[in-house]
Structures are given as structure tokens and as C-alpha cells.
Amino acid sequence: MYQSQKLAIKYLVVAFALFGVMIAAGLLTAAYYLQPRLLFNTLDFSTAKILHINTLVVWNLMGFFGAVYWFLPQEVEREVVGIRLANVMFWVFCAAFLTVAAVFAVVQTGPSAESTLWLINQGRKYVEAPRWAALGILAIVAVFMFNIIATAVKARRLSGVLGVLIVDLVPLFVLYLDAFPSETNMAKDMYWWWWLVHLWVEGTWEVLIACIMAWTLMRLLNTSRRIVETWLYIDIGLVMGSGILGLGHHYYWIGTPKYWFALGGFFSALEPLPLIGMVVHAIYDAGVHRMHCSNRPALYWMFAEAFGNFFGAGVFGFMMTLPQINLFTHGTQWTASHGHFAWWGAYVCGLISIFYVVLAEARGARQIDGPLWKWSFALLNLGIIGMAGGLLIAGMAQTFHERALGGSTLQSFITAQASSWFVEGMWMRMAFGVMFAIGYVLLVVDLVRVGRMASVVELRIPEVGA
Amino acid sequence: MSNSHGADPAFWRAGAISATVVMLVILGLLSVNSLTVITAGGSHVPPYTAINQQILYRYDPVKGYDMPVIGGEDLLFGRRYDPEQARALVTRGKLVIQTKACIDCHTFFGIGAYFAPDLTKSWLDPAWDQLWMPMTGSKTREEAMVKFLIHPDRYPTWSRQMPDLHLTQQDAEGVVAYLKWMSAINTNGFPANFGHAPQP
Ligand code: HEM
Ligand code: HEM
Ligand SMILES: [Fe+2]
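Residues numbered from 1 in each chain as written. Chains lettered and ligands numbered in written order. Predicted model: local features only at pLDDT ≥ 70, side-chain atom pairs only at ≥ 80, totals over all residues. Heavy atoms only, no water.

## Concerning the site of ligand 1
In the region of ligand 1, 26 residues are neighbours, and A:Lys125, A:Tyr126, A:His330, A:Thr335 and A:His338 sit closest. Mapping the residues adjacent to ligand 1 onto the chains of the assembly identifies chains A and B. In the environment of ligand 1, an oxygen atom lies 2.6 Å from a nitrogen or oxygen atom belonging to the side chain of A:His330. Residue A:His338 places a side-chain N or O atom 2.8 Å away from a nitrogen atom belonging to ligand 1. Where the shell around ligand 1 is concerned, the elements lending two or more residues are helix 7 (186–221), helix 11 (296–319) and helix 13 (333–362) of chain A. If one sorts the elements of the shell around ligand 1 by residue count, helix 13 of chain A sits on top with seven residues. (Near = heavy atom within 4 Å. Polar contact = N/O pair within 3.5 Å; in protein donor to acceptor, adjacent residues only side chain to side chain. Helix = DSSP H or I, 4+ residues; strand = E, 2+ residues; numbered from the N terminus.)

## Describing the domain arrangement of chain B
By the assigned domains, chain B splits into domain 1 (5–38) and domain 2 (48–183). A straight line from the C-alpha centre of domain 1 of chain B to that of domain 2 of chain B covers 40 Å. (Domains from an automatic or database assignment.)

## Some points on the coordination of the iron atom of ligand 1
Just one protein atom donates to the iron atom of ligand 1; it is A:His338 (NE2), sitting 2.0 Å from the metal. Residue placement: A:His338 occurs in helix 13. (Donors = N, O, S within 2.8 Å, 3.2 Å for Na, K, Ca; no water.)

## Notes on the coordination of the iron ion (ligand 3)
Residues and elements named next belong to chain A. Protein ligation of the iron ion (ligand 3) involves His 198 (ND1), Glu 202 (OE), His 249 (NE2) and His 250 (NE2), the donor distances falling in the range 2.2 to 2.6 Å. Of note is the iron ion (ligand 3), whose four donor atoms meet at the metal with angles of 79 to 148° in an arrangement that counts as irregular. Between the two metals, the iron ion (ligand 3) and the iron atom of ligand 1, the spacing is 4.2 Å. Note that Glu 202 is positioned in helix 7 and His 250 in the loop between helix 8 (225–246) and helix 9 (259–270), a separation of 48 residues in sequence. Under the relative-accessibility criterion, Glu 202 is labelled partly exposed at 31%. (Tetrahedral: all angles 85-135°; square planar, octahedral: opposite > 155°, others 65-115°. Buried < 20%, exposed > 50% of the residue type's maximum accessible area, 1.4 Å probe, protein only.)

## Considering the site of ligand 2
Near ligand 2 there are 28 residues, and of these A:Tyr33, A:His52, A:Lys125, A:His340 and B:Tyr114 occur at the shortest range. With respect to ligand 2, the chains having nearby residues are chains A and B. Taking A:His52, its side chain carries an N or O atom lying 2.8 Å from a nitrogen atom of ligand 2. Contact between ligand 2 and A:Gln333: an oxygen atom at 3.5 Å from a side-chain N or O atom of the residue. Residue assignment for the shell around ligand 2 shows that the elements contributing at least two residues are helix 1 (3–34), helix 2 (45–76), helix 13 and helix 16 (420–449) of chain A. Looking at the shell around ligand 2 residue by residue, the class counts come to 17 nonpolar, eight polar and three charged. (Nonpolar A, V, L, I, M, F, W, Y, C, P; charged D, E, K, R; others polar.)

Below, the structure written as C-alpha cells:
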């Protein structure tokens, strides 16, 4: 095994451990809606939520790093250049995460001084981590870039997938610079912040995961490189063609000009196209392979990725992407419903799939199956669908009482929060959240055992290069 | 995939690159324009000295949605802030908003967390006159806001409350100025029907 692949496993293990931390923080965050006195003035909703979404970003990034460090040496058939440094950065990443999480949990916020932004909390959604930690992430991403580019140069090999990945690293790094400013003017602040959230998370990350999934597809189903690369380019063309100006669906209400209504509405309505393409392709693959594969969990999670992305991002996003509708759904639990479902489909399912592929290869398992992964697969997916459903119901109550009838005043906010639909939606989210958490525990157990225990049943190894 | 381009990656690569480049160029041009519009003092965002004036949010029959209206002089804390002082005060407010992570409970322009009310037009919220001025024994809206922000847990209105975030007097004044200035931003009609019945 390459050194880089050992690092990959470390990254993936930590990523999935942090997935657990994130779920715990999510359950806590959800609990305040049901029990408002919970930890009041001790550890408030805001702190729990910061832990929840910042851990999300970190563990996803770690998962991507793990996947790339795993596939890269296979792709170029040599050790990754600068792997020592990459190892150092891994520990830096872990230490920085622990420090930031501890500071968030204990210190939480600081006096209104520039020093707070550097040391404690930046108070911008998803990028609350203080500036020193954001600098750390930049350094880690820089080393990651160096590893990949230097390896490609040394190997004198540049496949299409690797080329795309390298180009994608540039915006991955550059857009993260957006995690630093503290612009007074909220309109401008939000203008740039959406480059980070929409263009980074829904753009460069999409390309990153597409590259990783391309490698996975080639290993899992022996899809030919020509076909995978063709699909990759089509996907990127559609994502960028619709998504770059689709950014405008976040520019309806932040002070920006009205032409974003038409532009954002039109182009973001096209954003589901590449997602439909993925679904079609998945069904086609399923037909060709009749769902036979030596690594069934990985295959099923890959399908969950295609369908989850389509429903969560494509359908749930599409529902509220036109300005006429968004005026009333904007900033309600409806958004959270889409946010959970889309993120799940776009990144988490893919990361789980990859982890199964990596573990099977690492442990030399020829066949991976068993009952446990099916349970976790069902519980996790039903959990997220149920949560998205509960949030959607709550969001509809808000849309009706708060946005449409009440005009979004404090009083109308309270009316909506107290409405029975909202309250039931919150209980539903909690119940399915617990289900989700159980699914996670089973997933971890299965990941620990996979390929090690006696689940080696029958041999059905696809021929390499077929 | 039977036509000649079907599985020719190079063809689709060229397509992907051109789509990306064209879109990026358009986004760049539009951004230049948008940023001019949203500069403080631009056509959608008032200068910081708007905190010296009266702010209203009224239905505009021509546009078909609510628009902020900047009226005559209506001093904040009885002081008239010159442009430099106004900028400093509002900047202080933004620093408080970030360092206390208000956006992880509230939304601004509808963006943030959904645990607490949207603050885009909070300055104009009828709750200040109706609830908090009597509750805090204040004569003006800004006085009530400052008292609430310093000790929010002392003035509960329902089961969910805002915690004490250790704001100083200056912090609270900065936030109030911020919310007043922000309520004067033209947000294309969001939130709709704020503080009045829906328009027919
Ligand atoms: C990669 C796929 C996607 C992911 C991970 C994703 C995730 C998210 C998240 C997390 C938010 C909340 C942002 C916030 O913090 O305020 C959001 C907002 C939004 N998304 Fe997506 N999304 C995806 C794709 C889409 C697509 C394809 C559409 C439309 C067709 C869409 C439409 C929207 C809209 C309109 C909002 C704004 C909601 C509001 O007004 O409050 N998204 N998305
Ligand atoms: C037990 C499971 C989970 C629970 C109970 C939970 C709960 C929550 C809560 C309460 C919030 C705050 C929303 C608000 O402001 O009211 C939140 C935000 C968020 N969570 Fe989760 N979460 C869970 C799992 C996940 C997972 C698996 C993902 C990613 C796939 C995720 C992604 C997000 C995102 C992106 C946001 C910000 C979205 C927005 O504000 O629109 N969560 N979550
Ligand atoms: Fe978006």
C-alpha cells in the first residue's frame, strides 16, 4: 500500500468520527426547538449550531482529502510527492479542529474586537472558525494542491479526471479566501459570502466529488475511462453553465438589483439538469450490471448519491428557486429541509460509498455484503427523508403564518413557531434524527467489520480493464 | 452514444470549458454593476448617515411591493452623526453582530439560522412600541432596544428567549444603529407586508 493510501485511511477514519460529532451536535441543536430552556445562558442554540455546521464542513473536506489521497497514487501508479508534509498537515488539521471546537464550546463568543475574529469566532455562517484556523485550512489546502500537482508532474501523466481535479483546486483555494473579511455593509458581505457557499459548496465541491466518483465508478463497475471522462465533462459543463449564474437565486433579497430575479430564476431552474443526468446514468448502469457487484454497499450508496442529489438538490431546491415563491419560503425551515436533503445526497452518500470502496481494497476483501449495511442504509436514508419531511412541514407553516399572512414581524414569527404544524414538524425532525443517529452507529459498526469478518461469501470479481 | 461526438471526451471538454468561461465573464460583469448598486450610498443601499433620518417601509403601488422610504430628520439617541461617526458606529454594530454570532440564531436578509426572528426590518417592528417600550420603561424605541439587547433574558415575551450575550452600552448602540441603517436597504420587497395586512 502507498504511504498516501495510509494517510487516506487516517483521513477517512477521522472524517467519519467527526460525522458522529456532527450528528450529536445536530440532535442538540434540534432539542432547543422542543425545550427552549435547555442550557439557557450556558450553551445556547447558536453554539450548538456552529458546532453542527462547522463540523459538517470539516468532515466533508477530510473525506474528500481521504478519497483523493487514496485514488491519486493508483491513478498515476506512484507514491504521492510530499507525503511527509501531507502527514504533518493531517495532524495540524486534527489539532486545529479540536482547538476550535473546544473554544467554541467553552469560550463561545468574545468582546466586540478584532481580536475575537482572529482567535474565537468570526460569526459568519459555515465559516465561524476564527481566522487563525481559516489560515490553517488554507495551508492544508495548499499542501493538498502541492501534493497533487507535484505528483502529476513527477509522473508525467495527466488523465482527464486528474486534469479536472487540478483545475478545480484553484477555485477551492481562492474562494476560501472569502472566509476572512468582516465587511461592514451586510449587502456586500452577503454578496461575497454566497460565492463561498453557493460557488464553493455547490460548485467546486460538486466537481471535486464528481472526480472522486469518476474514479470510484471505474473501480466499482469497471466503466471505461472514455465514458467516465465524457460524463464528467458533460456534468461539469451543465453544472457550470447553470450554476454560475444560478448564484443569482441567492441575490433576490440582499439589496442587489432586480435583474437577478430573471437570471437567478432561469439559470438555477436549469441546475437540476446534471442531476437528472446522474440518475439516468445510474439506472443505465444498474440495468447493465443487474446490480451485481462485489461491493454492494458501495454500489447502493452510489445510487443513493444519484437519487438523493436529484431529489434533495434538484427537486427540493427547484421548489423554492423562483423568486415569486422564494419570497415566502426564504429563510424558513423549508430552506433547512432542502439544505439537509441536498447535502446528504450531494456529498455524504458519496463519501460513504467511497469509504466502502477504500476499506474493501485496503482489507483485500473480494466480496462485501451482509445484513448490517442494509439496516444502516435504510435507517440513514429514511432518517434524512423523515427529517426533510418534518422540516418541510414546519417550513410550510412558517411560509403561511409568518411570511405570507403576518409579514415577518416578531409577532408573526411567534405565531408560526407556536402553530401545531410547526411544533409537530419539529418533533418529527427529532424522531427521524434519532433514527438517523442509530443508522450512523450501525454504519460505523459495519465499516469496522467490513471485509474483516466472515462476510466473504462468494467470489464475483469483475475483470480488471474489461 | 452512437453519433461521432458521443464518447469523444475532447469535444465535451471544450464544451465544458467554454460554458464555464462564458458564464464567469458574465458573472464578473454583473458583479461590477451589482457592487456599485449595493455600496453604501449606491442606489439600493443608503449611506450610513441614514441613521439620522426617519425610516419607513411602505407599499409602493408602482413597484407592487414594499419599499423603504427615507424621511426627514429623526435623530438616533438624540445625536446627529456626521458621515465618519455614522460609519464608525455602524461598523461597531457589525463587529458586535459577528463577534456574538447573532446570525447563528437570527437571519439577516433571511439568511442565517431560523431559531429567532428575521432582523432585516427589526428596527420597524411594532413589537418595540407595543411590547418592549412599556416593558423596559423606555421613552424611545432606541432606548428600549438598547435595554433589551443588554439584558434580553430580563424581558421575555414567550417561551423561547434570547440569552445574555454580554453586550456593553456601546455595543448595543452600535447594533441599534446597524439595524436602523439596514432597515433602509432596498431588498426588492423582502419581507413582504411587514407590519401591515397583505395587499390585495
Ligand atoms: C449540490 C447541491 C446542493 C446543495 C448541497 C445545496 C445546499 C443548500 C444549502 C445548505 C442551502 C442553505 C444555505 C443557507 O445557509 O442559507 C441552500 C439554499 C438554497 N438552495 Fe440549494 N443546494 C444544492 C443545490 C440546489 C439546486 C439545484 C437548487 C435549485 C434548483 C437549489 C436552490 C436553493 C435555494 C433557492 C436556496 C435558498 C433558500 C432560501 O431562500 O432560504 N439548491 N442550498
Ligand atoms: C440527527 C441528525 C441531524 C439533526 C437533528 C440536525 C439538526 C439541525 C438543526 C437543528 C439545524 C439548525 C437549523 C436552524 O437554523 O433551525 C441544522 C442545520 C444544518 N444541518 Fe443538520 N442535523 C442533522 C444532520 C445533518 C446532516 C447529516 C447534514 C448534512 C448532510 C446536516 C446539514 C446541515 C446544514 C447544511 C445546516 C444549515 C442549513 C440551513 O440553515 O439551511 N445536518 N441541522
Ligand atoms: Fe444555491
